[in-house]
Amino acid sequence: MHQVAAIQMISGPDVHANLTRAGELIARAAAQGARLLLLPECFALFGSPHLARVAEEEASGARPIQQFLADQAERHGVWLVGGSIPLPRKPGGKAMAACLVFDDHGREVARYDKLHLFDVEVADNQRSYQESRDYGYGDQLVCIDTPVGRVGLSICYDLRFAELYLALRRAGAELIVVPSAFTAVTGAAHWDILLRARAAETQCYILAANQGGLHPGGRETFGHSCLVDPWGEIQAGMDQGEGVVIGALDPEYLESVRGRMPVLQHRRFAAVDTIVPAAKESQTHE
């Protein structure tokens with residue numbers, strides 16, 4: 001059994017304040033025995049007009065957010081999945097929504113750039129979201145080995161794209177993480193059902209850390225961070241507010257679910273290169 005934690009926050013535009021609060025919650029999760037911790041999307045910077053400046057600092061300057069993640073991982077002896085931060089691939093480039101993973105010695109061991117960007121209309125007080133104005137699109141799948149198993153990386157809006165999660169399962173994922181900032185409206189409609197569906201169809205554990213409340217500026221996020229097991233059942237969770245969700249991964253249960261219902265071996269579309277249209281009825285008459 002491996003203990004993991006999802007950290008739920010209500011981040012704002014002040015990086016220092018956000019990191020201070022994240023540090024408190026990381027310490028709480030580590031003290032409860034979690035070996036791998038997940039922060040939410042935009043944990044260090046939420047709703048700030050200074051995103052581009054922060055991204056450039058992270059690419060070429062003092063790198064305060066990345067240093068914070070490295071220090072926290074080493075201090076507590078945990079693997080830390082850093083939600084998402086604005087980080088160009090090179091100085092001067094467009095920011096990417098980057099999920100960085102640090103091992104228990106504070107070394108960066110993986111980076112995932114968000115593949116699917118949230119350019120949508122939502123019936124809330126913000127109305128329109130255009131993530132691609134601030135961020136570039138990622139283009140790589142990332143799955144890594146950790147002490148709690150093989151972990152696939154995703155971020156927020158990725159959750160709506162089942163093909164990504166199936167690709168992570170094919171890459172060996174046993175746990176898939178979902179750092180998020182789901183809106184209150186879309187979360188109430190789809191958060192639980194999407195998380196449970198991704199878990200059941202991939203037969204993976206899903207660890208989801210969401211932003212969870214009313215933020216400075218009026219944006220509201222859904223919360224309900226949780227751990228979902230490979231049968232699609234929520235094993236641990238919380239409602240709104242800031243806090244920590246602790247849950248256990250059971251490798252034997254994972255293998256039992258996969259062994260009793262080997263859906264990966266049963267999949268047929270992966271073996272089909274083309275879809276052949278059905279033959280039309282003959283128009284020939286005697």
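Residues numbered from 1 in each chain as written. Predicted model: local features only at pLDDT ≥ 70, side-chain atom pairs only at ≥ 80, totals over all residues. Heavy atoms only, no water.

Glancing now at the pairing of strand S9 (residues 143–146). Here four bridges tie S9 to strand S10 (residues 149–153), and the two strands are oriented antiparallel to one another. Among the inter-strand pairings, Thr146 is bridged to a residue of S10, identified as Gly149. Hairpin remark: S9 followed by S10, antiparallel, with two residues in the connecting loop. (Pairing = 2+ DSSP bridges. Helix = DSSP H or I, 4+ residues; strand = E, 2+ residues; numbered from the N terminus.)

Look at the UniProt record and you will see "domain: CN hydrolase" (unreviewed entry) annotated at residues 2–251. Annotated as 28% helix and 29% strand, the span residues 2–251 places its first and last C-alpha atoms 8 Å apart. (UniProt positions renumbered as here; feature names shortened; annotations may be inferred.)

Following both chains from N to C, one finds helix H1 (residues 15–31) and helix H3 (residues 64–76) inclined at 15°, their axes separated by 11 Å at the closest point. Between H1 and H3, the angle falls in the class roughly parallel. For the pair H1 and H3, the sense of crossing is right-handed. Counting all contacts with H1, which are made through Val15, Leu19, Ala22, Gly23, Ile26, Ala27 and Ala30, the residues of H3 involved are Pro64, Ile65, Phe68, Gln72 and His76. Its residues placed into classes, the contact of H1 with H3 shows nine nonpolar, three polar and no charged. (Axes fitted to C-alpha atoms, helices over the stretch in contact; angles between N-to-C directions. Parallel < 35°, antiparallel > 145°, perpendicular 65-115°, else oblique. Left-handed = near helix turned anticlockwise from the far one by under 90°. Contact = heavy atoms within 4.5 Å. Nonpolar A, V, L, I, M, F, W, Y, C, P; charged D, E, K, R; others polar.)

Attention shifts here to unusual backbone geometry. The phi dihedral of Cys42 falls on the positive side, at around 60°, and the residue is not glycine. Within the secondary structure, Cys42 sits in the loop between strand S2 (36–38) and helix H2 (51–60). Judged by relative accessible area, Cys42 falls into the buried class, the value being 15%. (Buried < 20%, exposed > 50% of the residue type's maximum accessible area, 1.4 Å probe, protein only.)

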